[in-house]
Amino acid sequence: MTTLNSSFGLEYAPTPFLVRLGRREILVTRDFRKRFYAVNPIIEFDTGVVPGHLEVLLFRRWLLILSKAH
């Protein structure tokens, strides 16, 4: 059972997909996080939650997570 209410809308989110390019992975998904700072409207870079990850936010909506392949 999830603690999120049904109005959050994750059930309508497009399915994320993963692309492997050699030893690198790119995960593309929609960003549903609330950001409590001013976000650049075009592109925003941030370190990922896991060490070695880079998050790229495009147009305040699409999140690309760059990492090493396992």
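Residues numbered from 1 in each chain as written. Predicted model: local features only at pLDDT ≥ 70, side-chain atom pairs only at ≥ 80, totals over all residues. Heavy atoms only, no water.

> Could you clarify how one ought to interpret a nonpolar patch on the surface in this entry?
Nonpolar side chains collect at one region of the surface, where Ile42, Ile43, Phe45, Leu54 and Phe59 lie side by side and expose about 480 Å² of accessible area between them. Among the structural elements, Leu54 can be located in strand 4 (residues 54-58). You can call Leu54 partly exposed: its relative accessible area is 32%. (Patch = residues over 30% accessible without salt bridge, like charges linked within 9 Å, V, L, I, M, F, W, Y side chains within 5 Å. Areas by Shrake-Rupley, 256 points an atom, 1.4 Å probe, with all protein chains shown as cover. Salt bridge = Lys/Arg side-chain N within 4 Å of Asp/Glu carboxyl O. Helix = DSSP H or I, 4+ residues; strand = E, 2+ residues; numbered from the N terminus. Buried < 20%, exposed > 50% of the residue type's maximum accessible area, 1.4 Å probe, protein only.)

> Would you take a moment to explain the pattern of salt bridges for this structure?
It is possible for side chains bearing opposite charge to pair when their charged atoms get close. Scanning all chains against the criterion turns up four salt bridges. Between Arg33 and Asp31 there is a salt bridge whose closest N-O contact spans 3.5 Å. Residue Arg35 pairs with Asp31 through a salt bridge whose shortest N-O separation is 2.9 Å. Judged by relative accessible area, Arg35 falls into the buried class, the value being 17%. Where salt bridges share partners, they join Asp31, Arg33, Arg35 and Glu55 into one cluster.

> Would you take a moment to explain the pairing of strand 3 (residues 43-47) for this structure?
Successive side chains on a regular strand alternate, one facing one side of the sheet and the next facing the other. In terms of strand pairing, strand 3 meets strand 4 through five bridges, oriented antiparallel. Bridging across to strand 4, Ile43 finds its partner in Leu58. Counted between consecutive antiparallel strands, the loop separating strand 3 from strand 4 contains six residues, among which Gly52 sits at a positive phi close to 90 degrees. (Pairing = 2+ DSSP bridges.)

> How do you make sense of the sheet that holds strand 2 (residues 24-30) when you look at a structure like this?
The strands that make up a sheet are held in pairs by hydrogen bonds between backbone atoms, and each pair lies either parallel or antiparallel. Pairing is antiparallel across the open sheet formed by five strands, whose spatial order is 1-2-5-4-3. Among the strands making up the open sheet, the edge pair consists of strand 1 (17-21) and strand 3. The average undirected angle you get between the axes of adjacent strands in this sheet is 20 degrees. (Axes fitted to C-alpha atoms, helices over the stretch in contact; angles between N-to-C directions.)

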